[in-house]
Amino acid sequence: MKYTEHYEISSHDVDVNNNMQPTFISRYMQETATHQMRDRKPTYQDLFAKGQAFVLIRYSVKIIRQLHRYEKLDVDTWRCSDRGATLVRCYSMGVAGETAAQAYSEWAAVDFINGGFVKPADMDLSNFERDEEVDNGLPKRFVFKKNMKFEPVGTHKVLYADVDLNMHMNNTVYFDILWSYIPDIMHKELTSVNIRYKKEAPIGSEIEIGMLELDPAFAGDDDAEEAWGFKTTVDGKTNVECVFGVRKTESEGMHR
């Protein structure tokens, strides 16, 4: 069983090539998960009132076909089997029965009052629709070796508009910041995103961004012609590690 929500892609959700931006792919998926919590209980606010919150650890999305403004979206989400203290949630996004993107994610439930983590098994999430894990073809784990040299490309100050209820930068905002550094991105399209969140970036902190071109095989994405790795730090500690798979776009964008 899966929980499904329906949307229409707005003109603000796409890039100059009329392809949905990665930030909005993630936001529509996570919004659907929030709707499931709203309708099935406990809601995000119910957990927050108890001092609990879900924090994203890993997220990977395979873009099977590009999505464009005003298309009608069907977005599915479902809970999968837990892994100890980790909740696994998957997503699928499509148009008129055609699958356009599939995503896998891992979440930790944190107790921000007492500290530590809460096992999903100790939370009443029994009303959430459940199904098998999606296989989007991307590796669930990737490792940046110590000898990889990331070139500093910029910094980002975490401001009020970036943060969520936890007062840390919202996990979807990273895509807005990072993918713009990919060379000649105006003439390319994303085929996959694979990101690991290691340290949160609180409001007022500064994120330092490093970038590295990778062998396309590193992304584990058969459609990627290029792969770009990012490693960001906050106060000298790794913040996120991310791999983008990209290829030359065939979309007829507004800039052409």
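Residues numbered from 1 in each chain as written. Predicted model: local features only at pLDDT ≥ 70, side-chain atom pairs only at ≥ 80, totals over all residues. Heavy atoms only, no water.

1. Focus on helix H1 (residues 22–40)
At 3.6 residues per turn, the α-helix brings residues three or four places apart onto the same side.
In step 1: Given a rise of 1.5 Å per residue, 19 residues ought to cover 27 Å, and the 27 Å separating the end C-alpha atoms of H1 matches this to within 8%.
In step 2: Once H1 finishes, lysine 41 follows within two positions and takes phi at roughly 70 degrees, a positive value. (Helix = DSSP H or I, 4+ residues; strand = E, 2+ residues; numbered from the N terminus. Expected span 1.5 Å × (residues − 1).)

2. Overview of empty space enclosed by the protein
In step 1: Within the structure shown, the criterion is met by 2 cavities of 30 Å³ or more.
In step 2: Computed from the structure, the largest cavity encloses a volume of approximately 50 Å³.
In step 3: Together, Asp15, Asn19, Met20, Gln21, Pro22, Ile63, Gln66, Trp179, Lys188, Glu189 and Leu190 line the largest cavity.
In step 4: At 3 residues, strand S8 (residues 188–197) tops the list of elements feeding residues into the lining of the largest cavity. (1 Å grid on protein atoms, 1.4 Å probe; cavity = no way out; pocket = protein on both sides within 12 Å on 5 of 7 lines; lining within 4 Å. Points joined across faces, edges and corners; volume = space filled by probe spheres on them.)

3. Re unusual backbone geometry
In step 1: Here lysine 41 and proline 42 are connected by a cis peptide whose omega angle stands at 0 degrees.
In step 2: Along the polypeptide, proline 42 turns up in the loop between H1 and helix H2 (44–49).
In step 3: Of note, alanine 96 is a non-glycine position whose phi angle comes to about 50 degrees, a positive value.
In step 4: Tracing the sequence through the fold places alanine 96 in the loop between strand S4 (86–95) and strand S5 (98–111).
In step 5: Using a relative accessible area of 77% as the deciding quantity, one classes alanine 96 as exposed. (Buried < 20%, exposed > 50% of the residue type's maximum accessible area, 1.4 Å probe, protein only.)

Interpretation note: all reported values are geometric properties and have no functional meaning in isolation.
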